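One letter stands for each residue in the lines below.
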Amino acid sequence: MSETKELLDPQQVQTARAWVAAARDIFVLTGAGISAESGVPTFRDALTGLWARYDPEELASAAAYRRHPGMVWKWYQHRREMVAAAQPNPGHAALAELAGRKTLTLVTQNVDGLHQRAGSQDVVELHGSLFADKWLDGCGRCDIATAVPGEPPRCGTCGAMLRPGVVWFGEDLPRVARFRAEQAAQHCDLCLVVGTSGLVYPAAALPGIAKDEGARVIVINPQPSALDETADLVLRAPAGACLPLLVRQDGA
Ligand code: BV8
């Protein structure tokens, strides 16, 4: 935290703190970067070892799953184990604390469940969850209790494959989650964009919607991102070190 404080311009932090304090309705969009300090590789770094030679967009798709079910299933099992062993970090905790005293809608592209484990309620998961499997082209009577064990497990009735409950590239986002995220973007007066490269749509369009509706936009990311130009303020710092500075109440 100390080196980050040196990195950050005190004036920028003061401005961001004032905007957070004055905000009536906060919309937060997080990406893989907020989990980086928990030791969870960001989406594009997750491909180590066997999967290093694949482009993530090629692996996180129904087509890839149909082509290589065993390999993709094992990649998700590996990510589930990694996330289960991780702990939420001060960035997750700061957002959970802020929601306790501000009207705040937390929308995440992440599938790791770390916001919920940090105490955030009612998290809008735009891209689903690593921990909510479902059936791929199931018969409607598929039941995990009678599934044929394997990698992946298959329905004992129709042979359909169990699949991770995440949104793959080329799949629509969950309708309710997308609606709630768009509403939050349209009605907020402050948008915090934390730990995302801003490359994946339609999630990446949300801060622009907030901006067009007159909200202030703060980007928190140690690296440049595609959303920097939408921002009114860019805090070039890790989320786990920066968010507690913005959220901490005076005198705390
Ligand atoms: C769809 C689940 C309709 C799976 C994921 C325009 C409109 C609509 C669609 C499209 C469009 N253009 C293109 C598309 C298609 C596509 C898309 O966006 N492609 C991109 C690559 C161009 N979108 C879709 O397919 C979406 N579906 O729109 O349906 C449709 C249907 C058919 C055809 C067209 C449209 C579905 C997208 C969802 C894909 N699923 N995840 C899984 O996890 O396995 S996306 C995946 O990327 C993760 O969810 C991840 O969160 C997300 C975004 O990445 P980031 O979170 O930003 O992570 P990344 O690694 O990129 O960056 C991390 C950042 O953190 C970096 O900037 C880094 O600097 C920063 N960082 C690092 N450390 C820290 C930090 N920040 C703060 N603190 C730190 N310590």
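Keep in mind that what you see is a predicted model, and the values were worked out from it rather than measured.

Here is what the cut-offs are and how they apply
- Residues numbered from 1 in each chain as written.
- Predicted model: local features only at pLDDT ≥ 70, side-chain atom pairs only at ≥ 80, totals over all residues.
- Heavy atoms only, no water.
- Helix = DSSP H or I, 4+ residues; strand = E, 2+ residues; numbered from the N terminus.
- Rg over C-alpha atoms; globule rule 2.2 N^0.38 Å.
- Buried < 20%, exposed > 50% of the residue type's maximum accessible area, 1.4 Å probe, protein only.
- Contact = heavy atoms within 4.5 Å.
- Pairing = 2+ DSSP bridges.
- Axes fitted to C-alpha atoms, helices over the stretch in contact; angles between N-to-C directions.
- UniProt positions renumbered as here; feature names shortened; annotations may be inferred.
- Core = buried A, V, L, I, M, F, W, Y, C linked by side-chain atoms within 4.5 Å.
- Expected span 1.5 Å × (residues − 1).
- Arc of directions from axis to C-beta.
- Polar contact = N/O pair within 3.5 Å; in protein donor to acceptor, adjacent residues only side chain to side chain.

A word on the overall build of the protein chain. Along its length, the protein chain carries 10 helices and 8 strands. Radius of gyration (C-alpha) of the protein chain: 19 Å, near the 18 Å computed for a compact globule of 252 residues. When the backbone C-alpha atoms are referred to their principal axes, the protein chain occupies close to 60 × 35 × 30 Å. Looking at the protein chain residue by residue over its 252 residues, the buried ones come to 50%. A separation of at least 24 residues holds for 67% of the contacts in the protein chain among residues at least 6 apart in sequence.

Strand order in this open sheet of 6 strands is β3-β2-β1-β6-β7-β8, and the pairing throughout is parallel. Single-partner strands in this sheet number two, and they are β3 (124–125) and β8 (233–235). As judged from the 5 bridges shared by strand β1 (residues 26–30) and strand β6 (residues 190–194), these two strands associate in the parallel manner. In the strand pairing of β6, phenylalanine 27 is matched with cysteine 191. Of the strands in this sheet, β1, β2 (104–108) and β6 touch helix α6 (residues 90–99), which is tilted by about 150° from β2. Running at roughly 140° to strand β7 (residues 216–220), helix α10 (residues 239–247) makes contact with β6, β7 and β8 of the sheet.

Here, UniProt's "binding site: substrate" (unreviewed entry) annotation points to Tyr76 and Arg79. Turning to its location among the elements, tyrosine 76 is positioned in helix α5 (residues 69–85). Take tyrosine 76: its relative accessible area is 2%, and that puts it in the buried class. Those residues in contact with tyrosine 76 that lie beyond four places of it in its chain are Ala60, Leu130, Pro164, Val166 and Trp168. Assignment of secondary structure puts arginine 79 in helix α5. When sequence neighbours within four positions are dropped, the list of residues in contact with arginine 79 reads Phe43, Val111 and Leu130.

With 29 residues, the main nonpolar core has Ile218, Ile220 and Leu235 as its most contacted residues. For this core, the secondary structure elements donating two or more residues are α2 (10–22), β1, α6, β2, β6, β7, β8 and α10. The leading source of residues in this core is α10, at 6 residues. Other than its neighbours up to four places away in sequence, leucine 235 contacts Leu8, Gln12, Ala16, Ile218, Val219, Ile220, Asn221, Cys242 and Leu246. Core analysis: the second largest hydrophobic core is formed by 22 residues, Phe27, Val107, Val193 and Leu206 among them.

Turning our attention to the UniProt feature "active site" (unreviewed entry) in the protein chain. Within this structure's numbering, the places UniProt gives as "active site" (unreviewed entry) are His127. Among the residues examined, histidine 127 registers a relative accessible area of 11% and is labelled buried. With residues up to four places along the chain from it excluded, the contact list for histidine 127 reads Thr108, Gln109, Val111, Val166, Val167, Leu173, Val200 and Ala203.

Here the focus is helix α8 (residues 175–187). Counted at 1.5 Å a residue, the expected span for α8 with its 13 residues is 18 Å, and the 18 Å between its end C-alpha atoms agrees. Of all the residues in α8, the buried ones are Ala177, Ala181, Ala184 and Ala185. Projected down its long axis, α8 shows its buried positions confined to an angular sector of 100°, all on one face. Projecting away from the buried face of α8 at angles above 90 degrees are the exposed residues Arg175, Val176 and Phe179. In this fold, the buried residues of α8 make contact with β1, β2, β3 and α9 (206–212).

Assignment of secondary structure puts threonine 30 in strand β1. A distance of 2.7 Å separates a polar atom in the side chain of threonine 30 from a polar atom in the side chain of threonine 108. When residues no more than four places from it in sequence are discounted, the contact partners of threonine 30 are Leu95, Leu106, Val107, Thr108, Gln109, Asn110, His115 and Val194.

On to α2. Between the first and last C-alpha of α2 there are 18 Å, a value that for 13 residues agrees with the 18 Å anticipated at 1.5 Å per step. Of all the residues in α2, the buried ones are Val13, Ala16, Arg17, Trp19 and Val20. Relative to the axis of α2, the buried residues are bounded by an arc of 160° and lie together on one face. Residues Pro10, Gln11, Ala21 and Ala22 are exposed on α2 and point more than 90 degrees away from its buried face. Buried positions along α2 lie against β1, α6, β6, β7, β8 and α10. Where α2 begins, the capping side chain belongs to aspartate 9, and its oxygen is found 2.6 Å from the backbone nitrogen of glutamine 11.

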